[in-house]
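Each chain, written out:
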Amino acid sequence: MRQIIVLNNFNINNKVNFLEKKNIINWNRSVKNNYRSILTYIESNDKYFQKKYIDFISKIKRSYFLKKKINQSYIIQNNFSLWEMSLFEEKSIYKTPQINDLIKILALKEIIKIEKIKIITIYSNNKKLKSDILSLIDNIEIKFNYIKSKSDKKNIFFRNNFLYFTFYLIKFYIKRFKIFTSECQLKENAILIFDYFTFFDKTKALNGKFSSSYWKNFLPIIKKNKMNLNFIHITLDEKNFHLNKKLNIIKNLNKSKNISHNILDTQIDFGIFLSVLNIFLKNYAKYIFFKIRYSNNYIFKNSILHKMFIDSFVGVWSIKNLYFFFMFKKLSINHLKDNKIMIYVNEFHGWEKSMIYCLRKNTKSTICGIQFNPIRNWDLRYKFQLTKKNRELYPDIIIGFHKSTIKQLNKVLSNYANLEITIANNLRPLLLDFKNKTKKNDKILIIGDHDDASTISLLKMINAFLVSNKFYTFEYKPHPVSKIGISKFKNLSNIKVFNDNTCFKSKYSAYIVSNKTSLGLELLNSNLKTGVMLDKESLNLSPVDKHYQFFIQNGSELKNFIENKNDYNSTNKKIKTTSWFNIIKVWKKKL
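Just so it is clear, the model here is predicted, and its values are computed rather than measured. (Residues numbered from 1 in each chain as written. Predicted model: local features only at pLDDT ≥ 70, side-chain atom pairs only at ≥ 80, totals over all residues. Heavy atoms only, no water.)

Engineer: Is there a simple way to explain the overall build of the protein chain in this structure?
Structural biologist: On a plain count of helices and strands, the protein chain comes out with 21 helices and 22 strands. Computed over the C-alpha atoms, the radius of gyration of the protein chain is 25 Å, within 12% of the 25 Å expected from 2.2 N^0.38 for a compact globule of 591 residues. Seen along its three principal axes, the alpha-carbon backbone of the protein chain occupies a region of about 75 × 70 × 45 Å. Looking at the protein chain as a whole, 56% of its 591 residues are labelled buried. (Helix = DSSP H or I, 4+ residues; strand = E, 2+ residues; numbered from the N terminus. Rg over C-alpha atoms; globule rule 2.2 N^0.38 Å. Buried < 20%, exposed > 50% of the residue type's maximum accessible area, 1.4 Å probe, protein only.)

This is how it looks when you write it as structure tokens:
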């Protein structure tokens, strides 16, 4: 009888000895052993499994509960559904890393079908893995062996129930109710910008200067053309600075004659609070009924899908999305009726759809999404299905800076000539300013990521590598938002750390980055020797071409990369770009 063994997230050598390796599948990346890796299998058949997952989500969307499809059961207003902002529809592996496991299960299902497997033996520290697999795969016997691990994660029950969700809903309002007394100050005949209230120098902002990593190169163009700008900043409930500081920053920034700064939260009021509370109570009642009535449905039997359902329709994310919807609606009706040009940071997050929907209903704005980041092969947010029914939830124009923007979006938008894609000069380029362009030092620069898990994985591998390779010298550039202490890593505790960008004034012998950052692509495009470290449990989210030679999974591959003497000349052909002055010229005429 055909059977396979699945190994998941534990020290194989110390726990179990296996005589045969051919029937063994590693649920993550195979670091020390020659076992088959399910991630490698998925990545080798990327287009197939991307389509598999998208079709899987479409099937969930078409699921009927009480003679209604899911998306029809959670209408907010005028046929706009909470589904459009759900974690299912969003498909963000960054926000919902458990999507990795769903795709792994779909791949395992394919292996079972091809190899006619009847029995699976699982060794794992994830107690829910067996039931999650059985919920999506029929006619299979599973023998489960629980391997206790120090990294076992305990579910925090009190954050996943009605009382906590109600508490969060009320807290969200109370933290902001002071803000709505602050008026929304908008300049006339201005370009409107929606962005995140982050990635700017807060010290300079308190002194009235807006120094933003997103808009640093955009603002001088606006100033030169003598145009007005209105910023609407979205806070996303950051914890790094409090309400009073936000209001002080806005007050000091609004001393400019041509630029106004506002926070979306100023739109909150008691009426919005009641609307959100009313919908939440109705949605929670539906959720409880669905969970009892359809308890055998795979959505409720699978712990990942069940959690996504809760977060999407009654949990914290759904509450945030409801608040966003009603604040966007109020803002667009009361302040934006005459707006003609609106731009925003395009990342295909759920809140973007509610913003675009409200602007379409209440204004005549031309809506432009600025795609700052290169689009990754495995970023499923960009694998959406554009139809006549949902066309109004997407922008009129997408302006990007990278070749991948055209490559990925053209596949989706091929039948929609009325959605324009433009490639412009990069507003946020990597500024390399080498004092000596030919000379390079013998040190290696580690570059951290905004994602803590990826950065920790990267630092752990370098730390372990240095045990037997002490003759290499590393330096470290953390991400600006990272709080990870380098002292926690014994072999890295004394290395030089750069908290600014001065490290980019020296040319290093090599650069090592995580697979989630766009820096890897920019370094390679600058012909610099760059290794991209892959996460152990996640699909490759790097914007670097999937066929690149130096994706690093373990210490031996890291050493091979460092010792490799190949030239690193970029093969990317330069693409034609549109000047920002030409884009602004068109917008100025519309205003």
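This is not the end of the story, as more comes after the structure.
Engineer: Mind showing me how you'd approach the sheet that holds strand β10 (residues 190-196) here?
Structural biologist: Pairing between the strands of a sheet is mediated by backbone hydrogen bonds and can be parallel or antiparallel. Spatially, seven strands are ordered β12-β11-β10-β13-β14-β15-β16 in an open sheet, and the strand pairing comes out parallel. Looking at the sheet topology across the chains shown, the edges are occupied by β12 (259-263) and β16 (420-423). Adjacent strand axes in the sheet meet at a mean angle of 20 degrees, parallel and antiparallel pairs treated alike. Here four bridges tie strand β14 (residues 366-371) to strand β15 (residues 397-400), and the two strands are oriented parallel to one another. (Pairing = 2+ DSSP bridges. Axes fitted to C-alpha atoms, helices over the stretch in contact; angles between N-to-C directions.)

Engineer: Looking at this structure, how should I read the pattern of salt bridges?
Structural biologist: A side chain with one charge may pair with a side chain of the opposite charge, provided their charged atoms come close. Counting across every chain of the model gives 18 salt bridges. We note a salt bridge from Lys-353 to Glu-84, for which the minimum N-O separation is 3.1 Å. Note that Lys-353 is positioned in helix α16 (residues 350-362) and Glu-84 in the loop between β7 (80-81) and α5 (87-90), a separation of 269 residues in sequence. Residue Lys-353 shares its accessibility class with Glu-84, and that shared class is buried. When the shortest N-O distance is used, the salt bridge between Glu-89 and Lys-353 registers 3.5 Å. Separated by 264 residues along the polypeptide, Glu-89 in helix α5 and Lys-353 in helix α16 bring together distant segments of the chain. Taken together, the shared-partner salt bridges in this structure form one network comprising Arg-2, Arg-36 and Glu-115. (Salt bridge = Lys/Arg side-chain N within 4 Å of Asp/Glu carboxyl O.)

Engineer: Sorry if this is basic, but what is going on with the side chain of Ser-514 here?
Structural biologist: Secondary-structure assignment places Ser-514 in strand β20 (residues 510-514). Take Ser-514: its relative accessible area is 1%, and that puts it in the buried class. Engagement of the side chain of Ser-514 in a polar contact is seen with the side chain of Asp-449, the distance being 3.1 Å. Not counting residues within four places of it along the chain, the set of residues in contact with Ser-514 comprises Ile-447, Asp-449, Ser-454, Leu-458, Val-532 and Met-533. (Polar contact = N/O pair within 3.5 Å; in protein donor to acceptor, adjacent residues only side chain to side chain. Contact = heavy atoms within 4.5 Å.)

Engineer: Explanation requested: the side chain of Gln-408 in the structure shown.
Structural biologist: Positionally, Gln-408 belongs in helix α17 (residues 403-413). Apart from the residues within four sequence positions on either side, Gln-408 is in contact with Ile-375, Arg-376, Asn-377 and Lys-383.

Engineer: Help me understand a positive patch on the surface in this model?
Structural biologist: The grouping of Lys-47, Lys-403, Lys-407 and Lys-411 at the surface amounts to a positive patch. With three residues, the top contributor of residues to the positive patch is α17. By secondary structure assignment, the location of Lys-403 is in helix α17. (Patch = residues over 30% accessible without salt bridge, like charges linked within 9 Å, V, L, I, M, F, W, Y side chains within 5 Å. Areas by Shrake-Rupley, 256 points an atom, 1.4 Å probe, with all protein chains shown as cover. Lys, Arg positive; Asp, Glu negative; His and termini not counted. Charge placed at Lys NZ, Arg CZ, Asp CG, Glu CD.)

Engineer: What exactly am I supposed to notice about the environment of Thr-203 here?
Structural biologist: Examined against the element boundaries, Thr-203 turns out to sit in helix α9 (residues 202-206). Taking relative accessible area as the criterion, Thr-203 reaches 57% and is therefore assigned exposed. Separated by 14 residues in sequence, Thr-203 and Asn-189 place their C-alpha atoms 30 Å apart.

Engineer: Can you walk me through the nonpolar core in this structure?
Structural biologist: The nonpolar side chains of a soluble globular protein tend to be buried with one another. Of all hydrophobic cores here, the largest spans 145 residues; its most connected members are Phe-194, Trp-215, Phe-218, Phe-309, Tyr-323, Trp-580 and Trp-587. Sort the elements by how many residues they give to this core and helix α15 (residues 316-335) lands first, with 10 residues. The contacts of Phe-218, once residues within four sequence positions are left out, are Ile-193, Leu-229, Ile-343, Leu-427, Trp-580, Ile-584 and Trp-587. Counting 44 residues, the second-largest nonpolar core is a separate cluster that includes Ile-444, Ile-462, Leu-492 and Val-532. (Core = buried A, V, L, I, M, F, W, Y, C linked by side-chain atoms within 4.5 Å.)

Engineer: Can you walk me through the sheet that holds strand β3 (residues 36-37) in this structure?
Structural biologist: Strands sit in the order β3-β2-β1-β8-β9 across an open sheet of five strands; the sheet is parallel. The open sheet is flanked by β3 and β9 (141-146), the only strands paired with a single partner. Relative to β9, strand β8 (residues 119-124) runs parallel, the two sharing six bridges. The partner of Tyr-123 across the bridge, within β9, is Asn-145. On the sheet, helix α7 (residues 129-136) packs against β1 (3-8), β8 and β9 and is oriented at approximately 165 degrees with respect to β9.

Engineer: Can you walk me through the environment of Asn-207 in this structure?
Structural biologist: Mapped onto the elements, Asn-207 comes out in the loop between α9 and α10 (219-224). Along the primary structure Asn-207 and Asn-248 are separated by 41 residues, whereas in three dimensions their C-alpha atoms are 9.7 Å apart. There is a polar contact of 3.3 Å between the side chain of Asn-207 and the backbone oxygen of Thr-203.

Engineer: Would you mind going over the packing of helix α12 (residues 270-293) against helix α14 (residues 303-313) with me for this structure?
Structural biologist: For any two helices packed against each other, one specifies the crossing angle of their axes together with the interaxial distance. Their axes nearest at 10 Å, the elements α12 and α14 cross at an angle of 160 degrees. As summarised for this structure, α12 and α14 are arranged roughly antiparallel, according to the angle between their axes. As for how α12 packs across α14, the hand of that crossing is right-handed. Facing α12, whose interface residues are Asn-283, Tyr-287, Phe-290 and Lys-291, α14 presents His-306, Phe-309, Ile-310 and Phe-313. Its residues assigned to classes, the contact of α12 with α14 comprises five nonpolar, two polar and one charged. (Parallel < 35°, antiparallel > 145°, perpendicular 65-115°, else oblique. Left-handed = near helix turned anticlockwise from the far one by under 90°. Nonpolar A, V, L, I, M, F, W, Y, C, P; charged D, E, K, R; others polar.)

Engineer: Looking at this structure, how should I read unusual backbone geometry?
Structural biologist: The bulk of non-glycine residues show a negative phi, and the bulk of peptide bonds are trans. A positive phi angle is found at Lys-67, which is not glycine, with a value near 65 degrees. Topologically, Lys-67 is positioned in the loop between β4 (64-65) and β5 (68-69). A positive phi angle is found at Phe-199, which is not glycine, with a value near 60 degrees. What makes Phe-199 partly exposed here is its relative accessible area of 31%.

Engineer: How should I be thinking about α15 in this particular structure?
Structural biologist: An α-helix turns once per 3.6 residues; consequently, residues spaced three or four apart project the same way. For α15, which comprises 20 residues, the first-to-last C-alpha distance of 28 Å matches the rise-based estimate of 28 Å (1.5 Å per residue) to within 8%. Of all 20 residues that make up α15, 14 are buried, and the element is covered over most of its length. (Expected span 1.5 Å × (residues − 1).)

Engineer: Is there a simple way to think about the environment of Thr-422 in this case?
Structural biologist: By the secondary structure assignment, Thr-422 is in strand β16. Taking the C-alpha atoms as reference points, Thr-422 and Ile-133, 289 residues apart in sequence, are found 43 Å from one another. Not counting chain neighbours up to four residues away, the residues in contact with Thr-422 comprise Ile-397, Ile-398, Ile-399, Gly-400 and Thr-578.

Engineer: Can you walk me through the packing of aromatic side chains in this structure?
Structural biologist: Two aromatic rings, taken as a pair, are described by how far apart their centres are and by the angle between their planes. By the definition in use, this model includes 59 aromatic pairs. The positively charged end of Lys-320 is found above the aromatic ring belonging to Trp-317, 4.6 Å away from the centroid. When the ring centre of Tyr-214 is taken as reference, the NZ or CZ atom of Arg-428 above it lies at 4.4 Å. (Phe/Tyr/Trp six-rings, centres within 6.5 Å; stacked < 30°, edge-to-face > 60°. Lys NZ or Arg CZ within 6 Å of the ring centre and 35° of its normal.)

Don't take any of this as a statement about function, it's just geometry.
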